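This is what each chain is made of:
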Amino acid sequence: MRPSMLFLGMVLLAHAMPAQAAERRSGGKLRLTDGVSSVEGAAGGGLAAWAVIGGSETRDGIGGSAHATIVALPDFDLKTAGIGLGINDSVELSYAYQRFDTRRAGAALGLGRGFTFGQHILSGKLRIAGDAVWEQDRWLPQIAIGVQHKIAERGAVIRLVGGRASSGTDIYASATKVLLAQSLVVDATVRWTKANQFGLLGFGGDRRRGRSAQFEGSVGWLATPSLLLGAEVRTKPDNLAFAREQRAIDAFAALAVTRHLSVTAAYVDLGDIATFRRQRGTYLSLRGSF
């Protein structure tokens, strides 16, 4: 499978509303409260998985989403496309395919100009406590646990650069809270992972072979009922000796064009990638949901 639009879905969440209107609706969620599709396909921000469940369903229905994202960097292109299913606003299942194009850098790395890495990601998420939107009288955030199984396509190259495996599984726990009175959304996620560059360069390495705890954080401000501005940070393991891996950050603007369509643009800094320094660029993502 090679989707034409791929990698990195970007951030959002929350829709401010008067207190008297803050009651559960059977017709669907408030606009943007199911987030966007993250880099691995789970609902949340572009870099971080959140505790929210994708799709517009309430606790009595089934919803879904689809996204396509592209990130243009100085030496690489990173793309993703995927689909998700939300069940009763409690369970989420998703699939995403990532494609990383080395462009001219591939020749400098000895791989050949335009060499590409691909990865399949199967994800599941379960809400275990709280409600990010409706429980405004409580400080308890919405809490969820998730698992992502990743299968990278370039096993031979991964072993050549020091990766120990071409497949691996991430486990994470997320806490997300929407503060309607302040028009804010905040999230904190801890991920147990051994993925190199999100898994595109395999799992574990010649410097470090096992899982480590990494942090993902997001904060957003709802400037208008349809526009969310914010930023994210995500730490990553540094497992491979041949290339230092650094944290990723972004600053984004997410616009709800309609109830079922959102567009996100961002500045993203992925740090050094495969010896190429300062991979900073632009990001554009489209996401539809029902």
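Okay, so let's go over this structure. (Residues numbered from 1 in each chain as written. Predicted model: local features only at pLDDT ≥ 70, side-chain atom pairs only at ≥ 80, totals over all residues. Heavy atoms only, no water.)

Quick look at the overall build of the chain now. From N to C terminus, the chain includes two helices and 14 strands. Its C-alpha atoms give the chain a radius of gyration of 18 Å, near enough to 19 Å, the size a compact globule of 290 residues would have. Oriented by its inertia axes, the alpha-carbon framework of the chain measures out at about 60 × 30 × 30 Å. Here the chain, with 290 residues, has 57% of them falling under the buried criterion. Summing over all exposed atoms, the chain offers an accessible surface of approximately 11,600 Å²; the carbon and sulfur share of this is 59%. Within the chain, one finds 34 positive and 24 negative side-chain charges whose respective centroids are separated by 5 Å. (Helix = DSSP H or I, 4+ residues; strand = E, 2+ residues; numbered from the N terminus. Rg over C-alpha atoms; globule rule 2.2 N^0.38 Å. Buried < 20%, exposed > 50% of the residue type's maximum accessible area, 1.4 Å probe, protein only. Areas by Shrake-Rupley, 256 points an atom, 1.4 Å probe, with all protein chains shown as cover. Lys, Arg positive; Asp, Glu negative; His and termini not counted. Charge placed at Lys NZ, Arg CZ, Asp CG, Glu CD.)

The next subject is the sheet that holds strand β3 (residues 62–72). The twelve strands are arranged β3-β4-β5-β6-β7-β8-β9-β10-β11-β12-β13-β14 in a closed barrel whose pairing can be described as antiparallel. This sheet shows a mean twist of 20 degrees between the axes of neighbouring strands, independent of strand direction. In terms of strand pairing, β3 meets strand β14 (residues 280–289) through eight bridges, oriented antiparallel. Bridge pairing in β14 places Ile 70 opposite Leu 284. (Pairing = 2+ DSSP bridges. Axes fitted to C-alpha atoms, helices over the stretch in contact; angles between N-to-C directions.)

The next thing to look at is the pairing of strand β6 (residues 116–129). Judged from the eleven bridges that link them, strand β5 (residues 91–101) and β6 form a sheet pairing that is antiparallel. When the sheet's bridge partners are listed, Ala 96 is paired in β6 with Ile 121.

On to the nonpolar core, then. Soluble globular proteins: nonpolar side chains tend toward being buried together. Membership of the largest hydrophobic core comes to 36 residues, with the highest contact counts inside it found for Leu 73, Phe 76, Phe 100, Phe 117, Leu 270 and Ile 273. Of all the secondary structure elements, the ones that give two or more residues to this core are β12 (248–258) and β13 (261–269). Looking at which element gives the most residues to this core, the answer is β12, with three residues. Sequence-distant contacts of Phe 100, defined by excluding residues within four places in its chain, comprise Phe 76, Asp 77, Leu 78, Phe 115, Thr 116, Phe 117, Leu 200 and Ile 273. (Core = buried A, V, L, I, M, F, W, Y, C linked by side-chain atoms within 4.5 Å. Contact = heavy atoms within 4.5 Å.)

Turning our attention to the environment of Thr 80. Relative to the helices and strands, Thr 80 is located in strand β4 (residues 77–87). Classification of Thr 80 as buried rests on a relative accessible area of 0%. In this structure, the C-alpha to C-alpha distance between Thr 80 and His 67, residues 13 residues apart in sequence, is 8.0 Å. Polar contacts involving the side chain of Thr 80 include one to the main-chain carbonyl oxygen of Tyr 97, which spans 3.2 Å. (Polar contact = N/O pair within 3.5 Å; in protein donor to acceptor, adjacent residues only side chain to side chain.)

Attention shifts here to the side chain of Gln 197. Looking at the secondary structure, you find Gln 197 in the loop between β9 (184–193) and β10 (212–224). Taking the relative accessible area as the measure of exposure, Gln 197 reaches 8% and is therefore buried. A distance of 3.1 Å separates the side chain of Gln 197 from the side chain of Lys 236, its partner in a polar contact. In contact with Gln 197, other than residues within four places in its own chain, are Lys 236, Glu 245, Asp 272 and Ile 273.

With respect to the helices and strands, Arg 154 occurs in the loop between β7 (142–152) and α2 (155–160). Residue classification places Arg 154 among the partly exposed residues on the basis of a relative accessible area of 29%. Taking the C-alpha atoms as reference, Arg 154 lies 18 Å from Leu 122; in sequence the two are 32 residues apart. Separated by 2.8 Å, the side chain of Arg 154 and the backbone oxygen of Thr 116 make a polar contact.

Fair warning: the whole summary comes from geometry, so function is off the table for now.
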